[in-house]
Amino acid sequence: MKLRQIKEFIIEKLIFLSGILSILFVVLIFTFLLKEGFLFFKEISIKTFITGKYWYPISDPEQFGILPLILGSLIVTLGAIIVSVPLSIACAFYISEVAQGRIKDILKAGIEMLAAIPSVVLGFIGMTTLVPFLKNVFNLPTGLTALSGSIMLGLMAMPTIITISEDAINAVPKSYKEGALALGATRWQAMYRVIIHAALPGIIAASMLGIGRVIGETMAVMMITGNAAVIPTTFLQPVRTLTATIAAEMGETVHGSMHYYSLFAIGIILFVITFIINVTADMFLHRNKK
Amino acid sequence: MNKRILNKRLDGLFKVLGILTTVFGMLVLLVLFIDVFLDGASRLSLGFFTSFPSRKPEAAGILSAWVGTLWIMAVTAFIAIPLGIGSAIYLEEYAPKNRLTALIEISIANLAGVPSVIFGLLGLGLFVRWFNLDRSVLAGGLTLAILVLPVIILSTREALRAIPFSIREASYAVGATKWQTVYLQVLPAALGNIMTGVILAMSRAVGETAPLITIGALTYIAFLPQPPVILSGEFPFIRVGLQGLFDPFTALPIQIFNWVSRPQKGFSVNASAGIIVLLGITLAMNSIAVIVRYRQRKKTRW
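Residues numbered from 1 in each chain as written. Chains lettered and ligands numbered in written order. Predicted model: local features only at pLDDT ≥ 70, side-chain atom pairs only at ≥ 80, totals over all residues. Heavy atoms only, no water.

**Q** Where do I start with the side chain of Gln189(A) in this structure?
**A** Structurally, Gln189(A) can be placed in helix 8 (residues 187-216). Judged by its relative accessible area of 15%, Gln189(A) falls in the buried class. (Helix = DSSP H or I, 4+ residues; strand = E, 2+ residues; numbered from the N terminus. Buried < 20%, exposed > 50% of the residue type's maximum accessible area, 1.4 Å probe, protein only.)

Structure (C-alpha cells):
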C-alpha cells in the first residue's frame, strides 16, 4: 500500500512537471530572443531599426533598416488574404451547408491532405509552375514576385481558415437556419443573411489564424518571392520577408556579430506581430463561445 | 414573383459554383503533383537511396538525408510524445483551476502560434550555443520537439476530453486511485485519438525545414551519424552507443531545398525525386492517422 502511494506521488509530480515545461519553453523563447536582441538594441535604436529603409547587414558601413522587410511581409500577407479569405469562407460554407455525403468526405480529406504538404514541396511546385507562368503572363524579367508568394501562401492558409470557419458555421444553432427557411428564405439567403452573421466572430478568428500562419511561413516564401530587400510598390516585384531573412542569413552570420544579433531582433518583431494576431483571434473565438 | 425565381437561381448557382471550383481545385493540384512525379520518377532507384549527395546530379542520392531525418524524428518523438501526453494528462485530469493552470494554458496556446523560424532561433541560442551541442542531431531533434509539443498537447487534450465522465466515476467507484483510473481506463479509451494526433504532429515535423536551416544544419553531408548499434568481429561483437546524437546531420527537406537552389537542371530532377519520397512519407503518415481515427470511431460506443 505504501509503495503504491509513493509510486503514485512520483507519477503525479512527473506529470505536473511536464505540464510546467511549456511555461518554461515560452520563457526560454522570450529570454533568448530578448537577450540576443537586447545586445542589438543597445547599439541601434528600435526606431531606426524599424523605420530604416536599407537592409545592408554585411556591407561597410552596415545598415540595419527592416522597413523593406516589414513591408515585404505585409504585402505578401495582404495578397494572401485577398486570395485565401473569400475562397476559404465560400469553401467552408459549401462544405458545411451544401455538400453532402461522398463529396463532403472527399473535400474534407483533400483539405487535410493540403494541410499536410510540407512547405518546401509547395515552394518547389510554385517555383516550377507558378513562377514561370506569372513571368510569361505579365511579361516580367522574373516571376519571383510578391504575387507568387501571395498565391502560394494563400493556398497554404486555406486549410486553417476552412476548418476553423467550418466549426464556427456548424456551431450556429440549427434553429436559426430553420427559422430563416420557415420564413420563406432560400438556402442561399439563409446563408448570407443569417448564418454568416451568427458565425462571423469564428470566421474572423479563423482568418486571423490563417494570417498568423502566412506571416510565420518561411520556406515557400524564401523560394518564390525573389528575396530582394527593397521597399515594394507593386505586387509584381521581388520582395523579402522577415522570416526569409532570418532563415536565409542565419547560417552565414558570425556568432556574436551585429548581423547575428540583428536577426534575433527581427525575431522579436516577428514574435510580437504573431502574438498580437493570435491574442486577437483568441478574443474573437471566446466571444463566439459566449 | 420575379425575385423568387432570381433567388432560386442564386441558390442553384452557388451549388454549381461550389462543385465547379472544387473540381477545378482538385484537378490543378493533381496536375501539379503528376508533373512533379513524372519529373522525379526517373531518378527514383535503389541507388538514389544509397548514395550520398554529390556535385554530379546523376550520382547524388539521399542517403545522408533520410538517415538524418530518421535520427531527428527518433529524438523528437522520444522527447515530445511523453512530454506532450504528460502535460495533456495534467491539464485534463489533475490541474486545479488556478492561476498556474491558466498560465500553462496561455503558454501552450502561445507556443502553438509562434512561427517555426522562431523555434529555430531558440534552438540556436539554447541548444546549439548555450548547451554547446553544436549543429548536432540532438540539437535539431530537441528544436523540433519543442515545435510539435503544443500540437501533441492540444490533440491529446481533445482526445481525453472526449472520454465520458461516467467511465472515471465507475473506476473510482470500484476503488481505483486517480492514476489507476487514468492509466487503466481513460488512456486506453483515448489511445486511438491520441495516436492520431501524435502521428499528425510527427508528420509535420518530418517536413519542417525552416528551424533546421536557422540552427545551421548543413546541407552537404557525405557521412552518417554513428549508428546506435555497431557489429564488430572483436570480443563484445556488438557495441551500443548514442554517440551519433552528437554528429552533424542533414534532413530530407533540407536536401531538397539545397537541390532546388542549384541552377543545373539535373538537381531539379533530384529535388523532384526527393519530394516524391518526402510526400510519400507525410501522406503515408496522414493516411495511417486517418485509419486509426476511423477504427477508433467504429469502436466507440458512447
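Right, picking up where we left off after that structure.
**Q** Just to check I follow, could you spell out the nonpolar core for this structure?
**A** Burial of nonpolar side chains together is a common tendency in soluble globular proteins. Counting 176 residues, the largest nonpolar core has Phe40(A), Phe49(A), Ile66(A) and Ile266(A) as its most contacted members. Broken down by element, this core gets its largest block of residues, 15 residues, from helix 3 (residues 63-94) of chain B. Not counting residues up to four positions away in its chain, the partners in contact with Phe49(A) are Phe40(A), Phe41(A), Ile44(A), Trp55(A), Phe64(A), Gly65(A), Ile66(A), Leu67(A), Ser262(A), Ala265(A), Ile266(A) and Ile269(A). (Core = buried A, V, L, I, M, F, W, Y, C linked by side-chain atoms within 4.5 Å. Contact = heavy atoms within 4.5 Å.)

**Q** Help me understand a nonpolar patch on the surface, please; the structure alone is not making it clear to me.
**A** On the surface, Ile103(A), Ile19(B), Val23(B), Leu27(B), Leu30(B), Ile34(B) and Leu38(B) cluster together to form a nonpolar patch covering roughly 630 Å² of accessible area. With 6 residues, the single largest contributor to the nonpolar patch is helix 1 (residues 2-41) of chain B. (Patch = residues over 30% accessible without salt bridge, like charges linked within 9 Å, V, L, I, M, F, W, Y side chains within 5 Å. Areas by Shrake-Rupley, 256 points an atom, 1.4 Å probe, with all protein chains shown as cover. Salt bridge = Lys/Arg side-chain N within 4 Å of Asp/Glu carboxyl O.)

**Q** What is the right way to look at the packing of aromatic side chains in this model?
**A** Here the distance between the centres and the angle between the planes together describe a pair of aromatic rings. Tallying each qualifying case throughout the model produces 18 aromatic pairs over all chains. Judged by centre distance (5.1 Å) and plane angle (65°), the ring pair of Phe16(A) and Tyr90(B) falls under edge-to-face. Within this pair, whereas Phe16(A) is found in helix 1 (residues 2-43), its partner Tyr90(B) is found in helix 3, the two belonging to separate chains. Classification of Tyr90(B) as buried rests on a relative accessible area of 7%. Relative to Tyr183(B), the ring of Trp179(B) lies with its centre 5.5 Å away and its plane at 25°, an arrangement referred to as stacked. In this pair, Trp179(B) and Tyr183(B) both sit in helix 8 (residues 178-207), 4 residues apart, roughly one turn of the helix. Judged by its relative accessible area of 14%, Trp179(B) falls in the buried class. Linked through ring pairs, Phe40(A), Phe41(A), Phe49(A), Trp55(A) and Phe64(A) together constitute an aromatic cluster. (Phe/Tyr/Trp six-rings, centres within 6.5 Å; stacked < 30°, edge-to-face > 60°.)

**Q** Mind showing me how you'd approach the interface of chain A and chain B here?
**A** Frequently, the measure chosen for interface size is the accessible area removed from exposure when the parts meet. At the interface, 61 residues of chain A touch 67 residues of chain B. Where chain A abuts chain B, roughly 5,900 Å² becomes buried across the two surfaces, and 79% of that area is made up of carbon and sulfur atoms. When residues of chain A are sorted by the area they lose upon contact with chain B, Ile15(A), Phe124(A) and Trp188(A) head the list and together hold 11% of the total. On the surface where chain A and chain B come into contact, there are 1 salt bridge. (Buried area = accessible area lost by both parts, 1.4 Å probe.)

**Q** What should I look at first to understand helix 4 (residues 101-116) of chain A in this one?
**A** At 3.6 residues per turn, the α-helix brings residues three or four places apart onto the same side. With 16 residues, helix 4 of chain A ought to run about 22 Å at 1.5 Å a step, and its terminal C-alpha atoms sit 23 Å apart, in line with that. Buried residues of helix 4 of chain A: Leu107(A), Ile111(A), Leu114(A) and Ala116(A), and no others. If you follow the buried residues of helix 4 of chain A, they end up packed against helix 3 (67-98) and helix 6 (146-171) of chain A together with helix 1 and helix 11 (265-299) of chain B. (Expected span 1.5 Å × (residues − 1).)

**Q** I keep staring at unusual backbone geometry and nothing clicks. Help me out?
**A** Residues other than glycine predominantly adopt negative phi, and peptide bonds predominantly adopt the trans conformation. All names here are of chain A. If you check the backbone angles, Asn139 has positive phi at about 55° while not being a glycine. With respect to the helices and strands, the residue Asn139 is situated in the loop between helix 5 (119-138) and helix 6. Asn139 sits in the exposed class, given a relative accessible area of 69%. Phi at Asn227 is positive, roughly 60°, even though this residue is not glycine. Inspection of the secondary structure puts Asn227 in the loop between helix 9 (219-224) and helix 10 (242-250). Under the relative-accessibility criterion, Asn227 is labelled partly exposed at 23%.

**Q** Looking at this model, I keep getting lost on the environment of Ile81(B). Mind explaining?
**A** Residues and elements named next belong to chain B. Residue position: Ile81 is located in helix 3. Separated by 129 residues in sequence, Ile81 and Ala210 have C-alpha atoms that sit 22 Å apart. Beyond its immediate chain neighbours, meaning those up to four positions away, Ile81 contacts Thr76, Ile152 and Val198.

**Q** How do you make sense of the pattern of salt bridges when you look at a structure like this?
**A** When the charged atoms of two side chains lie near each other, side chains of opposite charge can form a pair. Tallied over the full model, the rule gives 9 salt bridges over all chains. Put simply, Glu112(A) and Arg293(B) hold a salt bridge, and the shortest N to O gap is 3.1 Å. You can see Glu112(A) sitting in helix 4 and its partner Arg293(B) sitting in helix 11, one on each of two chains. On the basis of relative accessibility, which here comes to 32%, the residue Glu112(A) falls in the partly exposed class. The class of Arg293(B) is partly exposed, set by a relative accessible area of 24%. Among the salt bridges present, the one from Glu105(B) reaches Arg157(B), with a minimum N-O distance of 3.0 Å. With Glu105(B) in helix 4 (residues 99-113) and Arg157(B) in helix 6 (residues 137-161), the pair connects residues that are 52 residues apart, well separated along the chain. Overall, the relative accessible area of 32% leaves Glu105(B) in the partly exposed class.

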